[in-house]
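Residues per chain are reported as follows:
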Amino acid sequence: MLGYIVRRIAYAIPILVGVNLITFMLFFMVNTPDDMARAQLGAKRVTPEMIEAWKIDKGYDKPLFINKEASGVGRITDTLFVQESLKLFRFDFGLSDANRNIAKDIKERMIPSLSIALPTFLIALITNISLALLLVLFRGSVLDTGMMMIAVMMMSISGLFYIIAGQVLFSKIWHWVPISGYASGWESIKFVILPILIGVLSGIGSGVRWYRSIFLEQMNQDYVRTARAKGLSEIRVMFVHVLKNGMLPILTGVVVVIPTLFMGSLIMESFFGIPGLGSYTIDAINAQDFAIVKAMVFLGSVLYIVGLILTDISYTLFDPRVKLGE
Amino acid sequence: MHLTFLWTDIMVWLLVVSLVFWGWNLSKSHQVQQQWHEIFRSHVAMISVVVLLFYLFFALLDSLHFIRSGSSEMVSLLDWLFTHQTQVSERTYSAPFATVEYTQSLMVKDGISQQVYLPLKHVTGASILLQSLWALLLGGAISGALIVLHRHWRKREAHTSELPWRTAYITLSFLILLFTWLYWLSFDYHVLGTDKVGGDVFYQSLKSIRTGVLIGVLTTLVTLPLAIFLGVSAGFFRGWVDDLIQYIYTTLNSIPSVLLIAAAVLLMQVIMDAHPQWFSTTQERSDIRLLFLVLILGITSWTGLCRLLRAETLKLSQVEFVTAARAFGVSKMGIIRRHIIPNLMHIILISVVLDFSGLVLTEAVLSYVGVGVDPTMYSWGNMINQARLEMARDPMVWWSLFSAFIFMFVLVLSANLLSDRIQVVLDPRNKR
């Protein structure tokens, strides 16, 4: 098990290098340090000396991929690409264009992001699975077809609509919760409850459909027939056998999401004024702050890969047939 | 007057022509014909397809640009139909069918200044009832003519008689009646109100159809070749090819897609700002931006389909008929072309229709984030983005948002329903 995890982490390194290469190409080759310097210093009357000075100041004065002046390994390591990648691997994100420490900002903003993303994820998981089980229990009935029709409709509504409609109804007309904002500690509940509700609601359509198809597939398996033949009640068949066996496909889709919960939701946070990582990213995009966007891309990739590893580990916990590292 | 083409126009028309050609080619196969028959036997599928075609019609109408003699402005057929709306612009908000502006303005009359609702410039105040009657007559005539024509054609194709044509006719008539009603009244009113700067919301919603449909359709043009080529190669050749392709898509997948799109679009913006001489008009500029967005969306969204195709190809290359073909000495390309790809068609088709609806929704989100289509371009995302703050006004300005959502909802819902039906019919797992 431990050996397997170590190997998976080793396998993650080339992927992260690939991610770095893509971001590097986006941020440095298309938009070269010279362009950046010009944009930062202002377009008017920029001398080559000023650009050089800016590049040295920011550490962008090295060649992109191959340093012809260095010797030996230094030809490859003493370049902008390797230096920038190494910084990211050490989680040293540097300073944003507004001269704020990005790593510190990220640490501070993770908690508000999680306070919305985690409850949304858990409540949505439980509601979607229970609704799907209910529909499978009454499959073919009016309830099933009716709910499926509603699910398709809910799935076809833009996520923005849920947010705007929720804000208008709950905050503007009924005045139940404040329209946006955030506070620390228990005070935050009144701010996060609406985003959580909306997050759950907007995912029900596609979620229920997905879980239902998984359970329906299980219902046609032989073991279900055996269980029924043994005289087990339909409810027991559903909750003990089908739910347990449906766990594997569910895990594939669900576990990978868990680490990325840290990243928060871009849209939700910016609509509700939550000072989390999602709104951080959106602000950075709007301010064209490439350093932050780069850091978030790297962080997102790391979390996704952690999710993949967790998925594999969770298999061994739920399915004794799966043995890792063989 | 002469025709001109934007880049996206060319691509759309090419796509339509190749789709028609492909469909005509496929329809020669008896099996495929039967499958489509089975799909359209469902009333829901029939309704969805009619609605989708109706949207496509407007997208195409808006993709035929020409320059009128004596002016340098590029207008589409749709713009031309709405000349009466584009020439007069109101000052600010007005509600649907309103005769006066939505907010009071200060007027000085006879030395006394007072708050009054100013009348709208475009609105004639004609009787809505009377005009509706005319519109109904016109719409009835158009849909009647279309139905008669179609019935005439159907007599020659006897085998299509068991399809629910009546449902299709009713849907079509309803859509045509609705449109002619709104269009007819748009000569005298702003049927869906006006936005902040006085633009007609109905016209904007119709213009947005092209953007939405284009993003949904053209992106698949980028996705499909990538996904099919890489997915099939990975599954069929295995070994290092498989490893490499898996590496590529895991890497791409691990980057949060919104961030990748945002980064790419931001960079494109920087480049475009640095080279204003590349584009002679704003229209061309926003067109190139749309094309680039489609490219980026394509690059970020092929991985899902690729993975599915890889897994299915892995399975297929073990099946008896492929082993037999190998034993007979059929070349590798021959096996892929004749045995693998045709058996992947159902996966491709389902994911294309499903992706389409997803992409239409994504456009709105991206425009909200500020990395969607050009802000000067009409799109539902831009409409929602501009109208977002109007909900905070008191009383609310709801019509812009409402129109954008309804137009989007109907399109996405039809695509989802159609993909459901295709899945039921084509997915072999459903045949028990």
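Residue indices begin from 1 for each chain and proceed along its sequence in written order. Written order decides the labels, with chains lettered from A and ligands numbered from 1. Local features in this predicted model are restricted to residues whose pLDDT is 70 or higher, and side-chain atom pairs enter the listing and the counts only when it is 80 or higher, whereas totals over whole chains, interfaces and linings include all residues.

Section: the overall build of chain A
Let me state the cut-off plainly: Numbering of helices and strands runs from the N terminus, with a helix taken as a DSSP run of H or I at least four residues long and a strand as a DSSP run of E at least two residues long. It is over C-alpha atoms that the radius of gyration is taken, and the globule rule equals 2.2 Å times the number of residues to the power 0.38. As a rule, residues whose C-beta atom has 12 or fewer other C-beta atoms within 10 Å are exposed, those with 20 or more are buried, and those in between are partly exposed; C-beta atoms are placed from the backbone. Throughout, a residue-residue contact means that the two C-beta atoms, derived from backbone geometry, are no farther apart than 7 Å.
For chain A, the helix and strand inventory stands at 15 helices and zero strands. Taken over the C-alpha trace, chain A has a radius of gyration of 25 Å; the compact-globule value for 326 residues is 20 Å, which it surpasses by more than 25%. Dimensions along the principal axes, computed over C-alpha positions, put chain A at roughly 85 × 60 × 35 Å. Buried positions account for 32% of the 326 residues belonging to chain A. The long-range share in chain A, meaning contacts at least 24 apart out of those at least 6 apart in sequence, stands at 66%.

Section: unusual backbone geometry
Residues and elements named next belong to chain B. Of note, the phi angle at Phe97 is positive, near 60°, even though the residue is not glycine. Positionally, Phe97 belongs in the loop between α5 (83–87) and β4 (105–109). Note on Phe97: 14 C-beta atoms within 10 Å, which makes it partly exposed.

Notes on the sheet that holds strand β3 (residues 74–76) of chain B
All names here are of chain B. We count it as follows: If DSSP finds at least two bridges between two strands, the strands pair. The convention used is that axes are lines fitted to C-alpha atoms, helices contributing only their stretch in contact, and that angles between N-to-C directions extend from 0 to 180 degrees.
With antiparallel pairing, the three strands of this open sheet are ordered in space as β1-β2-β3. Looking at which strands have only one partner, the edges of the open sheet turn out to be β1 (2–4) and β3. Pairs of neighbouring strands in the sheet enclose a mean axial angle of 45°, with direction left out of account.

Regarding the interface of chain B and chain A
Formally: Residues are grouped as follows: nonpolar covers Ala, Val, Leu, Ile, Met, Phe, Trp, Tyr, Cys and Pro; charged covers Asp, Glu, Lys and Arg; every other residue, Gly included, is treated as polar.
Contact with chain B, which involves 35 residues of that partner, is made by 34 residues of chain A. Where the side of chain B that touches chain A is concerned, the elements lending two or more residues are α9 (239–254), α10 (257–274), α14 (332–369) and α16 (399–426) of chain B. Here the residues of the side of chain B that touches chain A sort into 27 nonpolar, six polar and two charged.

Quick look at the confidence of the model for chain B
Residues and elements named next belong to chain B. Going by this rule: Each residue gets a pLDDT score, which is the predictor's confidence in that residue and runs from 0 to 100.
Per-residue confidence for chain B averages 86 on the pLDDT scale, and 98% of its residues sit at or above 70. Across chain B, the element-wise mean pLDDT spans from 78 in β4 up to 93 in helix α3 (residues 43–61). Of the two predicted TM-score estimates for the complex, the pTM is 0.90 and the ipTM is 0.86.

What to know about the environment of Gly273 of chain A
All names here are of chain A. On the secondary structure map, Gly273 appears in the loop between α13 (266–272) and α14 (277–286). A tally of 14 C-beta atoms within 10 Å means that Gly273 is categorised as partly exposed. Along the sequence, Gly273 and Phe191 sit 82 residues apart, while their C-alpha atoms lie 9.4 Å from each other. With near-sequence residues (within four places) excluded, Gly273 lies in contact with Ser180, Gly181 and Tyr182.

Overview of α14 of chain B
All names here are of chain B. The criterion, for reference: The span expected for a helix works out to 1.5 Å for each residue beyond the first. Working definition for bend: take the seven residues up to and ending at a residue and the seven starting at it, fit an axis to each, and measure the angle between the axes.
Taking 1.5 Å of rise per residue, 38 residues should cover 56 Å, yet α14 covers just 46 Å from first to last C-alpha, more than 12% shy of that figure. Ile341 marks where α14 bends most, by close to 40°; the proline Pro342 follows one to four residues later. Downstream of α14 by a residue or two, Gly370 has a phi angle that is positive, lying close to 100°.

Concerning the pairing of β4 of chain B
All names here are of chain B. The element β4 is barely covered by neighbouring structure, given that only zero of its five residues are classed as buried. With five bridges joining them, β4 and strand β5 (residues 112–116) adopt antiparallel strand pairing. For Met107, the partnering residue across the bridge sits in β5 and is Gln114.

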